[in-house]
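Per-entry structural report
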Amino acid sequence: MRKIYFILFLLTISGIVFGQNERKHVRSGNKLFMEAVRDTMRIDSVKFSNAETEYRKALEKRPEDLKWNYNLADALYKQQKFEDAEGKFSELAEKMEDPLERARANHNLGNTQLMQEKLDESIESYKKALRENPEDIETKYNLAYAQMLKKKQEQQQQNQDQNKDQNKDQNKDQDQDQNDQNKDNQDQNKDQNKDQNKDQQDQNKNQDKQNQDQNKNKDQNKDQQQQQQPQQNKISKQDAEQLLQALQNDERDIQDKVKKAKAAKAKRSRSEKEW
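Criteria and cut-off values
Residues numbered from 1 in each chain as written. Predicted model: local features only at pLDDT ≥ 70, side-chain atom pairs only at ≥ 80, totals over all residues. Heavy atoms only, no water. Helix = DSSP H or I, 4+ residues; strand = E, 2+ residues; numbered from the N terminus. Buried < 20%, exposed > 50% of the residue type's maximum accessible area, 1.4 Å probe, protein only. Lys, Arg positive; Asp, Glu negative; His and termini not counted. Salt bridge = Lys/Arg side-chain N within 4 Å of Asp/Glu carboxyl O. Polar contact = N/O pair within 3.5 Å; in protein donor to acceptor, adjacent residues only side chain to side chain. Contact = heavy atoms within 4.5 Å. Axes fitted to C-alpha atoms, helices over the stretch in contact; angles between N-to-C directions. Parallel < 35°, antiparallel > 145°, perpendicular 65-115°, else oblique. Left-handed = near helix turned anticlockwise from the far one by under 90°.

Details of the side chain of K88
Structurally, K88 is set in helix α4 (residues 82-95). No salt bridge forms around the buried K88; measuring N to O, its nearest opposite-charge neighbour E91 is 4.5 Å away. A polar contact of 2.8 Å, which involves the side chain of K88, links it to the side chain of N69. Filtering out sequence-adjacent residues up to four positions away, K88 remains in contact with N69, L72, A73 and L76.

Structure below.
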């Protein structure tokens, strides 16, 4: 549990007489601060804010007063204005001469830094406080707590780095696998296209061969037709001899008929003369 030391330096009557207005503002600020601290059910930011206003009014007249600045830093811390409170406690830790007061300032400085998750800075501030007051239990506890958070943070960072490396390697492997798969697909498509082109070429070659064969057959048929046509018009030697013999036989028959006709005619002529 983090604990902040509050030092409300009340005005005392001494040889030095402070102005009435400064005492009034400090007393008013202390009253508001203590009322807000006693309210354990909630953080009364309004009263802490009013206390801050009163302390600032008092510091307008005496800006170097360490006690009033300390009270102002306490009010800022309780309003969770940690950055402003850190600045004030840091100044006070440098300026205070009493070791216990420096220890309290460094303790509260560590708290403001811890609330801002400035773990390294808070650990260093707690160590400074313990060097001034080694027996302070609250400071020891806060130091151990800050160191535990630091170790946890380092472990988380280490896990994140490991996960990042694993994801990087996994993504690298996935990319490599994807590239290999794409390459395989490309090779497969290339082989497939090559086979298809080869098949197409073979098919075209076969088609060309068929066309050539058809053209060759066509030319052969044409040549045969051209060869057969002269053979049909040409008479063989045997046919010519037979045709010539037939013509001669016909001619002899005709001559015989003519001779017979002439003989018959001559015979009739003689018969007529005898009459």
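Things to note about unusual backbone geometry
Trans is the common state for peptide bonds, and a negative phi is the common state for residues other than glycine. Of note in the backbone geometry, Q80 takes a positive phi value of approximately 65° without being a glycine. Mapped onto the elements, Q80 comes out in the loop between α3 (66-78) and α4. On the basis of relative accessibility, which here comes to 51%, the residue Q80 falls in the exposed class. A positive phi angle, close to 60°, is found at E117, a residue other than glycine. In this fold, E117 is placed in the loop between α5 (99-115) and α6 (119-132).

Section: the packing of α5 against α6
Two elements in contact, α5 and α6, have axes separated by 8 Å at closest approach and are oriented at 165°. In terms of orientation, α5 lies roughly antiparallel with respect to α6. By crossing handedness, the relation of α5 to α6 is classed as left-handed. Taken together, the residues of α6 that come into contact with α5 (itself represented by P99, R102, A103, N106, H107, L109, G110, N111, Q113 and L114) are L119, E121, S122, S125, Y126, K128, A129 and E132.

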